[in-house]
Every structure is written in C-alpha cells, then in structure tokens.
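Spelled out, the chains give:
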Amino acid sequence: MKEQTEQKTKIAAFVCNWCSYAGADAAGTSRLQYDDSVWIVRFPCTGRIDPLFIIKAFEQGVDGVLVSGCHPGDCHYATGNLFARRRFTIFRTLMLFLGLDERRLQFSWVSAAEGAKWASVVNTVAGAVKELNGEPFTWAIPMPLRGAIGASDGEAVQTLRENIKAIEQTHRFTFGDQMIETREAAMTEELRLRAKQLLEAGEVNAVLGYANGTLPRTAIPLFALSLEATDQLVWNRHCRTNLAVYLARPLVRKLGKLAVVVKPCDAKAVLGLLQEHQVQRENVHLIGMACTGVEERGAIAPKCLSCTQRMPDLFDTKIGTAQEQPATRGNPIDETVRLLDNASPQERWNFWQEEFSRCIRCYACRAVCPFCYCETCITDKHRPQWITPSARSEGTMAWNIVRAAHLAGRCVGCNECARVCPANIRLDLLNRKIALEIKNEFDYEAGQSVESAPPLVAYRPDDSQEFIR
C-alpha cells in the first residue's frame, strides 16, 4: 500500500458539456481505464472558460489543468471554441512567459465519440504532471520572499537581473540636442494660442493638456476651462502622462466636447477607446504634438528609444514639425523579453515571483491605464470574490496575471503602468510579450485602426492550434 502521507496528484479538467464531458462519459461506459487524479469541472462551452478559472484552480492547489472541448467546426454554439482557442493561445503564452511549466497547463479537442481519446489524453497529461512531482512548485510564494527561493535559484535570478540591468545601461541615452528646449518653447506658445482659439470659438468646452508640476522637471495634467487657464499649458519632454486615461471617466464626459493634447502613443490609446465605443469621435478634438520622446529618470524613456513615429496618426490640430526620424537606438524592452524567453522556466518563475512579491496592491497601474475603465474592477467584487483584496501572495499573483490578460490586444505600449509602479515591477515586459505574440499569431497591433476587430473578439478558421492535442 502507498503511504498515507504521500500527496496525491490533483489535476483539474475544465471540459465542454457537449463533447469532452460526453467523451469522458463514453470512456466510462466503455470501461476504459484512465488516471483517477483528474477532477472534471463541466462548462457549457470552452468559450465560457475564463482564464481566471485556471488561475483560481492553481491558487487552490492543483498540480495541473487540462482544458478540453469540441473540435473546431463541431461546437454546439457554432463558434465558442474558436474564440476560446484565441484566448487560450495568448493566455498560454503569458503563463509560459511567467515560467509555468507547459506540462502543467494543457489543452485538447475531444468529441463525444472519442472516449478512447479522452482516456489517452488524461493518462498522458497525468503522466506529464506526475513527472513534475519531484520538482518544487508553489503557485504563490508567501511574503516576505527573502529565503523562500533556494540559494542556487536565487543566484540564477540575480544573474538574470544583472543582465537586464546591463541591457538598460547599454540603452541609456539622454537628451543631448540643445535645440530641444527652443522647439518645446515654440510649441508651447503655439499650443496656448490654439487652445485659446478653440475655447473662444466655442468648439470645445475645455482643453486637457499639461502644466508645470511643483517639482522640477515634472509636468502634470491640466484641465483648462477658461482662457486664463490656457496660459499654464506647457509642452516639453516631461509630459509623460497618457491623457487618454481621463476620456472614459464619467465626470470628464460631463464637460462635453474636450480638446486633448496627445503624443503618438496617446493617440493610439484614444483610437483604442474609439474602437471599444468608450469615446465618441465628435466629442474629442485631438491636438497632435510632434514628439521627440519623453524623459524618465533623467534619460530617454525606454519605450521611446525604438519609436520612429514623431507625429500622431490621429489628430484634428497639428502642432510642431515632425523631426527627421533618427536611426533606431535599439529596443531594451524587446531585448529584455528575449532574455527572459531564453531563461529556463524555473528562472522565469522565480524572477516573476520576486517581482510580484513587491506588489503592494496600490492599483496605480490600474489608475493610469486608459483601458482600465470598468465601473467595478474584478478586484473590488466580493460576490463572488475571485481575487482577495489584501496584499496576500495568492491575490497579488492573480491580480497581476489578470491585469496582463485583460490588456491582451488592447495595450498600446504607453508603459504608464510600469512607470508609476512604486515597486518598479516590470509590467511593461508582460504587456510587450503579449503584444509580440498577438502580432506574430494574428498579425494585429493595437491602436492602428478603428475598423479592425480586436484579436480576442474575432477568429479565423485556420488559427494556429499546435499546442492543442
């Protein structure tokens, strides 16, 4: 007999009611033997399986998750599994980037007539997960993290961090052009003049731009409601905030038509809000600013180093002249993503566990994101409570994964979330990894066109599914 102290492997199987569950039932009536470590959870359709359910399963202690549904073309609801396939493609990429071993999260198509395939898939998945039983796996390492990661793993993560720091130092550039201040002053005067014209003519009710902050080398958002207030408007390399974040807010909508100062990346966020019907085009007047990049921590922001767009694609008024596009200085964010991709799953897992362990759940990332406009965020819901509101390790892990998954196909790379994070968590890397996967798999980039359908609310019959059994 096995010792009673031996921990039994637990695998959650999220299955479609119409095919995979019926296939499992067929396996049972046919007396087919398969591993008993799989616990079945029945859903109406794989399209109903939210990634949060998978997160919750791991959080509650399962060793692996199997998601199974109808073959493409056989869905009881016609297209539910086709939408699910796209969602699982991106979610799987996110989880592997976090360092989850691919054997712990698997997918399959099993029809009602494939009882034998169900038994085979279950045995294969269970065998793969049991191979990992000898390897330590903790879904969320409790805080404080110090001492929770073994010495050798800690050294590997430290080496990884040193390599990331080296990439950042290699790509650290400062604004060396002395003419920048002259151009900024001229653009500021032109901006103030145009803002006055818009208000005087009654074309807009307010102008949303930037004013000098109380601290040196800072700029803060400003709502100019009067002609006198426009004299406070400025334009310089410190205008970092993505002002599109205000457009979907109810109080701002009450102002009526609004003129908004936008950089190229900000204009992409406005386009995304137009695409999601959170903003009406006739209610915004976009003042597009020629941009040479913004400054963060005394240097050019990483997101600006590889940017070649100097003028927004979407604007009603243009201010400044787009400078000649310089040769790219490289992309430290993409280089860091590649560095993590080349690390072992365990190194990535430990790296992100350390990152998330610093999260204090202040939700600054949520506050500055133009696409976090839900009236009630899932972290604030308590019936049911999917994510614990306290800064416990489980809830922190779930929050950061859900945030990244929620922005899939929507994030325009303004990187405000990473900039404002008081714990310096590299949220930009998660967003960029997903954006690269979406570009590679679905040939889609956020913030390019109002007419194009976002990738996770569309599908193609020939979408990739190599990872699905």
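Provided above is the structure to which this section pertains.
Residues numbered from 1 in each chain as written. Predicted model: local features only at pLDDT ≥ 70, side-chain atom pairs only at ≥ 80, totals over all residues. Heavy atoms only, no water.

Caption draft 1: Highlighting the overall build of the protein. When its secondary structure is counted, the protein shows 15 helices and twelve strands. The C-alpha atoms of the protein give 25 Å as radius of gyration, which agrees with the globular expectation for 469 residues (23 Å, within 12%). Across the 469 residues in the protein, those meeting the buried criterion constitute 51%. Taking the intrachain contacts of the protein between residues at least 6 apart in sequence as the baseline, contacts between residues at least 24 apart amount to 79%. About 22000 Å² of surface is accessible on the protein, with carbon and sulfur atoms providing 50% of the total. Between the centroid of the 55 positive side chains of the protein and the centroid of its 54 negative side chains there is a distance of 3 Å. (Helix = DSSP H or I, 4+ residues; strand = E, 2+ residues; numbered from the N terminus. Rg over C-alpha atoms; globule rule 2.2 N^0.38 Å. Buried < 20%, exposed > 50% of the residue type's maximum accessible area, 1.4 Å probe, protein only. Contact = heavy atoms within 4.5 Å. Areas by Shrake-Rupley, 256 points an atom, 1.4 Å probe, with all protein chains shown as cover. Lys, Arg positive; Asp, Glu negative; His and termini not counted. Charge placed at Lys NZ, Arg CZ, Asp CG, Glu CD.)

Caption draft 2: Just the pairing of strand 1 (residues 11–16), in detail. Strand 1 sits mainly inside the fold: six of its six residues count as buried. Neither face of strand 1 is left uncovered, since the one carrying Ile-11, Ala-13 and Val-15 and the one carrying Ala-12, Phe-14 and Cys-16 both have all their residues buried. At this point the chain moves from strand 1, through helix 1 (residues 20–29), to the parallel strand 2 (residues 38–43), and the crossover so formed is right-handed. Alignment of strand 1 against strand 3 (residues 64–69), held across five bridges, turns out to be parallel. Directly across from Val-15, in strand 3, lies its bridge partner Ser-68. (Right-handed = clockwise from strand over helix to strand, strands pointing away. Pairing = 2+ DSSP bridges.)

Caption draft 3: Structural detail: the sheet that holds strand 1. The sheet built from four strands is open, its strands ordered 2-1-3-4 with parallel pairing. Taken across any chain shown, the strands that pair with only one partner, and hence form the sheet edges, are strand 2 and strand 4 (105–109). With strand direction ignored, the average angle separating the axes of adjacent strands in the sheet is 20 degrees. Note that strand 3 and strand 4 share five bridges and pair parallel. Looking at the pairing, Ser-68 lines up with Ser-108 of strand 4. Relative to the sheet, helix 3 (residues 80–98) contacts strand 3 and strand 4, its axis offset from that of strand 4 by approximately 160 degrees. (Axes fitted to C-alpha atoms, helices over the stretch in contact; angles between N-to-C directions.)

Caption draft 4: Spatial organisation of the pairing of strand 9 (residues 284–289). When you tally the buried positions in strand 9, you get six out of six residues, the bulk of the element. Of the two faces of strand 9, the one lined by Val-284, Leu-286 and Gly-288 and the one lined by His-285, Ile-287 and Met-289 are each fully buried. Of the strand pairs in this sheet, strand 8 (residues 258–262) and strand 9 are connected by five bridges, and their pairing is parallel. Of the residues in strand 9, the one forming a bridge with Ala-259 is His-285. Chirality of the crossover, the property in question, places the unit of strand 8, helix 8 (residues 264–275) and strand 9 among those that are right-handed.

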